Amino acid sequence: MALAHVLGFPRIGAQRELKFAQESFWKGASDEAALRETGATLRARHWKAQADAGLDFVTVGDFAWYDQLLGTLALLGAIPQRFGFDAKQLTLADYFTLARGSKQHFAMEMTKWFDTNYHYLVPEWSIETQFDGGVDWLFDEIAEAQALGHQAKVVLVGPLTLLYLGKVKSGLTHKFDLLPKVVAGYQKLLARLQAAGVHAVQIDEPILALELDSDWVQAFTLVYAELTASAPPLLLTTYFGEVQTHAALLRDLPVMGVHLDLVRGDAQLDAFIADWPQDKVLSVGVVDGRNLWRSDLDTILTKLKPLQARLGDRLWVGSSCSLLHVPVDLKNEDKLDQELKSWLSFATQKLSEIVALKAALNSDATAVFAQEIEAHFVASRAALASRRSSTRIHNPLVQKRLAAVTEAHAERTSGFTTRISKQQKKLNLPLFPTTTIGSFPQTAEIRQSRAAYKRGEIGHLDYLDQMRSEIRLVVQKQEELGLDVLVHGEPERNDMVEYFGEQLWGYAFTANGWVQSYGSRCVKPPVIYGDVYRPEAMTVGWSQFAQTLTDKPMKGMLTGPVTMLQWSFVRDDQPREATALQIALALRDEVCDLEKAGIGMIQIDEPAFREGLPLKARDWKHYLDWAVRAFKISAAGVTDETQIHTHMCYSEFNDILPWIAAMDADVITIETSRSDMELLDGFGEFAYPNDIGPGVYDIHSPRVAQVDEMERLLRKARGVIPDQRLWVNPDCGLKTRAWPETYAALENMVLAAKRLRAEVEAERKAA
Ligand code: GLN
Ligand code: ZN
């Protein structure tokens, strides 16, 4: 008899209860007891959902007050020592200080969890790091679950994944120097779990889906041999990709079983099943934990049946990964129509899908239950059939355009050298032109009028009026500041993806489809369910109006195809690149319309370009090829005189520079100030051919950068980038900042550019 489980459930709550409780605690509006109460309520609710659905275990340990990696460190006692906390006495307030920083201590670094949009706190490793025990919170949670009568499976971040994801801070020659301590720490923890009556521990080792060096691979055999002596049975879980090359290793590890992600790595099954040991559990992740489509239950069942025949009760059926990455409950979506809803499955619905699969495999259901199971299969078939034929999804207008796309659509008329000289003639910009990345401070009034318009409290014309006066103000300030290339400020945009998605066919928006991004921050990614089509212009009116207010060039502002894709839930019935191409064509129409309306400079933002990179480097080329092509198709419909900009932030670019160059934007602005322009070295070495605007100040902090600092950074940039190619701009958009600091910083930035121009002038005279 197969068993059913999930690798984890979202912790934030269907109404983001955890977020509000955290934030209220941080503000001092409620105490620790209230926060703990909310946590306990959420855990109990989520366990009940799992038990009621019919899973064989509830998962304990997937809850975190901020982040599961930080939770693991707190449990092991391996918190960064620079904060001076006693790991065993850690309070919730201390824990949040680690995550968020304080006046005396900067926060732990945060980075993306593999290729998801979830951010974890990066462990800090030093020779002093201890692993001899910390808080007892996990044990309290286990006791809670037991008291509620649940059969608990405990989840832990695995020792090698934890060690691997940390950053060496001091005193270590290699992370492996810490390995003996890590192993001892986990041994102690596992022994305690066994004593607490835990029947199974899920131990997450997603690093196995990366291209690991052989010493890391070998470490698995050594470490796991030492972990299992006095420990509950371990289920070692892999996810986010196939782990086929480790089949032999995983087969031989002394663990109860192994979990494979069959949604991301369907083909790997054969490599495992051939000689899977008689006594080992194989857990198969067949319900997608990364996307929100209803599963194709028939196809999955067909795949599972032969496994069931061989494995019997050693077959576990589960989610591909933790359900952390999907929204909580479809039940709360009353704005979506029934048809669209029938295609979707959120975390709560996925529990039932998994149980339906298990029940169908075991065919042990009572008559009533059998009907219920059958209903899931019927709904799954119906969803599939309607998605195959729906005219909301398959749009002949789009199909026709796609069929007509040729390679020529991706190329500008002339090469960069020709284009830039025509553009310079037309634009007549000074050396080191100054500009910004697009958004200006989003004041409370702007947010209010957007919200009022959305709720229907103010009419369209009133709304236009309010936005236009904001644009007028932003243009006037930029003129005052003496910036060379202006923007309209994006007051009409609440979010750079949502704004466009709402105007495109094929996109839907949920009311409560929240997913945790980090800490208390949640995002509500749009859903791309059908062919993407732009029925009418999306930004032309705003940009055109803004251009009438100034003689300076007004930069049009769009979100690029890769970012539109990356920050959404994407349909799974065609390759991602096909959807990217549809978005690119929609944007191409917008770019051409902007040009026709007299906008001579258009920025296509791609902040998410790098985060789309596959986990395995061998898959990079395929991704980069289609991603670059999508960008180019969106941009290449204009004449040589129209200048295309792009903007990227948040990441390291040096390993993908040839592809960034291949995007062939006339100008790229990138975040560099936090790395002290070091990021630019790569651009210099690679001799990046087109114009570059390295960010000269960090917009993430309200501190006003001084002229000298920016001048110094610019001088550094001049060492790497030819003067003719260099632009001056902040790191990113200014929407999260307030006006006073924004104005002051830009004033300094313009001054820095002027001083640099004078310097060049003097150099020329001297020569
Ligand atoms: N144009 C956008 C803005 O200025 C870019 C945002 C981003 O890069 N994330 O807000
Ligand atoms: Zn940015």
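As shown above, the structure is provided for reference.
Residues numbered from 1 in each chain as written. Chains lettered and ligands numbered in written order. Predicted model: local features only at pLDDT ≥ 70, side-chain atom pairs only at ≥ 80, totals over all residues. Heavy atoms only, no water.

### With respect to the environment of G77
Point 1. Of note, G77 is situated in the loop between helix 3 (68-76) and helix 4 (92-100).
Point 2. For the pair G77 and A2, spaced 75 residues apart in sequence, the C-alpha separation works out to 37 Å.
Point 3. Contacts of G77, omitting those with residues within four sequence positions, involve A87, Q130, G133 and G134. (Helix = DSSP H or I, 4+ residues; strand = E, 2+ residues; numbered from the N terminus. Contact = heavy atoms within 4.5 Å.)

### Remarks on the coordination of the zinc ion (ligand 2)
Point 1. At this site the zinc ion (ligand 2) is bound by H647 (NE2), C649 (SG) and C732 (SG), with donor distances of 2.0 to 2.3 Å.
Point 2. Here the zinc ion (ligand 2) is ringed by 4 donor atoms whose angles at the metal span 92 to 123°, and the overall shape comes out tetrahedral.
Point 3. Positions of the donor residues of the zinc ion (ligand 2), expressed as sequence spacing, correspond to H-x1-C-x82-C. On the criterion of sequence distance, the pair formed by C649 in the loop between strand 20 (643-648) and helix 24 (657-662) and C732 in the loop between helix 26 (707-718) and helix 27 (739-766) is long-range, its members being 83 residues apart. Grouping residues by exposure puts C649 and C732 together as buried. (Donors = N, O, S within 2.8 Å, 3.2 Å for Na, K, Ca; no water. Tetrahedral: all angles 85-135°; square planar, octahedral: opposite > 155°, others 65-115°. Buried < 20%, exposed > 50% of the residue type's maximum accessible area, 1.4 Å probe, protein only.)

### Observations regarding the packing of aromatic side chains
Point 1. With the rule as written, the count across this model stands at 28 aromatic pairs.
Point 2. Measuring from centroid to centroid gives 5.3 Å for F683 and Y688, while their planes differ by 65°, and the two rings are edge-to-face. With respect to burial, F683 and Y688 carry one shared label: buried.
Point 3. Within the aromatic cluster, the residues linked to one another by ring pairs are F25, W26, Y66, Y95, F96 and W137.
Point 4. Sitting over the face of the ring of W137, R36 holds its NZ or CZ atom 5.2 Å from the ring centroid.
Point 5. Between R82 and the ring centre of F106, over which it is positioned, the NZ or CZ distance is 4.1 Å. (Phe/Tyr/Trp six-rings, centres within 6.5 Å; stacked < 30°, edge-to-face > 60°. Lys NZ or Arg CZ within 6 Å of the ring centre and 35° of its normal.)

### Quick look at helix 16 (residues 416-427)
Point 1. The terminal C-alpha atoms of helix 16 lie 16 Å apart, and with 12 residues this matches the ideal 16 Å at 1.5 Å per residue to within 8%.
Point 2. Every buried residue belonging to helix 16 is among F416, R419, I420, Q423 and L427, and all of these are buried. Mapping the buried residues of helix 16 onto a view down its axis gives an arc of 95°, with all of them on the same face. Projecting away from the buried face of helix 16 at angles above 90 degrees are the exposed residues T417 and K425.
Point 3. On the buried face of helix 16, the contacting elements are strand 19 (601-605), strand 20 and strand 22 (691-694).
Point 4. A positive backbone phi angle near 55° is found at N428, which sits one or two residues after helix 16. (Expected span 1.5 Å × (residues − 1). Arc of directions from axis to C-beta.)

### A closer look at the pattern of salt bridges
Point 1. For the structure shown, the criterion picks out 58 salt bridges.
Point 2. Residues E124 and R82 are paired through a salt bridge, measuring 2.8 Å at the closest nitrogen-oxygen approach. Separated by 42 residues along the polypeptide, E124 in strand 5 (residues 124-126) and R82 in the loop between helix 3 and helix 4 bring together distant segments of the chain.
Point 3. In this structure E124 comes out as buried when scored by relative accessible area, which is 9%.
Point 4. For R82, a relative accessible area of 30% gives the class partly exposed.
Point 5. Linking D708 and R755 is a salt bridge whose minimum nitrogen-to-oxygen distance equals 3.3 Å. On the criterion of sequence distance, the pair formed by D708 in helix 26 and R755 in helix 27 is long-range, its members being 47 residues apart. (Salt bridge = Lys/Arg side-chain N within 4 Å of Asp/Glu carboxyl O.)

### Focus: the pairing of strand 6 (residues 152-157)
Point 1. By the criterion of burial, strand 6 is predominantly enclosed, with 6 of the 6 residues buried.
Point 2. Neither face of strand 6 is exposed, since A152, V154 and L156 on one face and K153, V155 and V157 on the opposite face are all buried.
Point 3. Pairing analysis gives 3 bridges linking strand 2 (residues 58-60) to strand 6, with the strands arranged parallel. Bridge assignment links T59 to a residue of strand 6, and that residue is K153.
Point 4. Sheet analysis places strand 6 next to strand 8 (residues 200-204), joined by 5 bridges and oriented parallel. The partner of V157 across the bridge, within strand 8, is D204. (Pairing = 2+ DSSP bridges.)

### Things to note about the site of ligand 1
Point 1. In the neighbourhood of ligand 1, 13 residues make up the surrounding shell, with S439, E490, D605, H647 and G733 lying closest.
Point 2. I437 places a polar main-chain atom, nitrogen or oxygen, 3.1 Å from a nitrogen atom of ligand 1.
Point 3. Looking at the shell around ligand 1 residue by residue, the classes come out as 7 nonpolar, 4 polar and 2 charged. (Near = heavy atom within 4 Å. Polar contact = N/O pair within 3.5 Å; in protein donor to acceptor, adjacent residues only side chain to side chain. Nonpolar A, V, L, I, M, F, W, Y, C, P; charged D, E, K, R; others polar.)

### Brief notes about the sheet that holds strand 16 (residues 527-533)
Point 1. Taken in spatial order, the 3 strands make up an open sheet running 13-16-18, and their pairing is mixed. On the outer flanks of this sheet lie strand 13 (505-508) and strand 18 (569-570), each paired with one strand and no other.
Point 2. Judged from the 3 bridges that link them, strand 13 and strand 16 form a sheet pairing that is antiparallel. Pairing of W505 across the sheet is with Y533, part of strand 16.
Point 3. Relative to strand 16, helix 15 (residues 396-403) is tilted by about 65°, and along the sheet it contacts strand 13 and strand 16.
Point 4. Running over the sheet, helix 22 (residues 576-596) touches strand 13, strand 16 and strand 18 and is turned about 50° from strand 16. (Axes fitted to C-alpha atoms, helices over the stretch in contact; angles between N-to-C directions.)

### Side note on unusual backbone geometry
Point 1. A positive phi is found at N428, a non-glycine position, where the angle reads about 55°.
Point 2. Mapped onto the elements, N428 comes out in the loop between helix 16 and helix 17 (444-454).
Point 3. Classification of N428 by relative accessible area gives exposed; the value is 65%.
Point 4. Its identity is not glycine, yet E490 carries a phi of approximately 60°, on the positive side.
Point 5. When its relative accessible area of 9% is taken as the criterion, E490 is described as buried.

### Things to note about the pairing of strand 16
Point 1. The element strand 16 is largely enclosed, with a buried count of 6 among its 7 residues.
Point 2. Here strand 16 pairs with strand 18 via 2 bridges, running parallel. Its bridge partner lying in strand 18, V527 is registered against F569.

### Thoughts on the environment of K555
Point 1. Along the chain, the position of K555 falls in strand 17 (residues 555-559).
Point 2. Along the backbone, K555 and T348 are 207 residues apart, and their C-alpha atoms lie at a distance of 44 Å.
Point 3. Beyond its immediate sequence surroundings of up to four residues, K555 is in contact with T435, T436, V485, L486, V487, I599, M601, Q603 and H645.

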